[in-house]
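Chain by chain, the residues:
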Amino acid sequence: MKHLTGLLFCSLVLEVSSQSWFSFLGEVYQGTRDMWQAYSDMREATWIGADKYFHARGNCDAA
C-alpha cells in the first residue's frame, strides 16, 4: 500500500510539474464539478441499478 501511495504521489508531482499549478487546480475543480453533477442526477433519478450509468457518465465527463 505504501508503494502504491508513493507511486501515485510521484506521478502527481511529475504531472503538475509539466504544467502550471493553476491549470491543474482548474482541471481538478472541473472534474469534481462533473462528478458532483452526475451524483446529483443519480440521486434525483432514484432508479434501482442506475448508479453504474451515472458513475460512467461522470467519469466520461470528468475525463
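How each quantity is defined
- Residues numbered from 1 in each chain as written.
- Predicted model: local features only at pLDDT ≥ 70, side-chain atom pairs only at ≥ 80, totals over all residues.
- Heavy atoms only, no water.
- Helix = DSSP H or I, 4+ residues; strand = E, 2+ residues; numbered from the N terminus.
- Buried < 20%, exposed > 50% of the residue type's maximum accessible area, 1.4 Å probe, protein only.
- Areas by Shrake-Rupley, 256 points an atom, 1.4 Å probe, with all protein chains shown as cover.
- Lys, Arg positive; Asp, Glu negative; His and termini not counted.
- Salt bridge = Lys/Arg side-chain N within 4 Å of Asp/Glu carboxyl O.
- Contact = heavy atoms within 4.5 Å.
- Phe/Tyr/Trp six-rings, centres within 6.5 Å; stacked < 30°, edge-to-face > 60°.

A.B. asks: Even after reading the chapter, I still don't get the overall build of the protein chain, so can you show me in this structure?
C.D. replies: When its secondary structure is counted, the protein chain shows three helices and zero strands. For the protein chain, the succession of helices and strands along the chain, N to C, is α-α-α. For the protein chain, the residues scored as buried account for 14% of the 63 residues in total. Of the roughly 5,600 Å² of accessible surface on the protein chain, a fraction of 66% belongs to carbon and sulfur atoms.

A.B. asks: Is there a simple way to think about the environment of Ala 56 in this case?
C.D. replies: Assignment of secondary structure puts Ala 56 in helix H3 (residues 51–62). Separated by 21 residues in the primary sequence, Ala 56 and Met 35 have C-alpha atoms spaced 9.6 Å apart.

A.B. asks: Would you explain the side chain of Asp 34 in this entry?
C.D. replies: Residue placement: Asp 34 occurs in helix H2 (residues 21–45). Although Asp 34 lies buried, it forms no salt bridge, and the closest oppositely charged side chain, Arg 33, sits 4.4 Å away as judged by the N-O distance. Sequence-distant contacts of Asp 34, defined by excluding residues within four places in its chain, comprise Gly 58, Asp 61 and Ala 62.

A.B. asks: Is there a simple way to explain the packing of aromatic side chains in this structure?
C.D. replies: The geometry of an aromatic ring pair is captured by the separation of the ring centres together with the interplanar angle, meaning the angle of the planes. The final tally for this structure, using the stated rule, is two aromatic pairs. Between the aromatic rings of Trp 36 and Tyr 39, the centroid separation amounts to 5.5 Å while the plane-to-plane angle is 40°, which identifies the pairing as tilted. Residue Trp 36 and its partner Tyr 39 are located together in helix H2, separated by three residues, close to a single helical turn. Taking the relative accessible area as the measure of exposure, Trp 36 reaches 57% and is therefore exposed. Plain terms: the ring middles of Tyr 53 and Phe 54 are 5.0 Å apart, the flat faces sit at 70° to each other, and that makes the pair edge-to-face. Taking relative accessible area as the criterion, Tyr 53 reaches 52% and is therefore assigned exposed.

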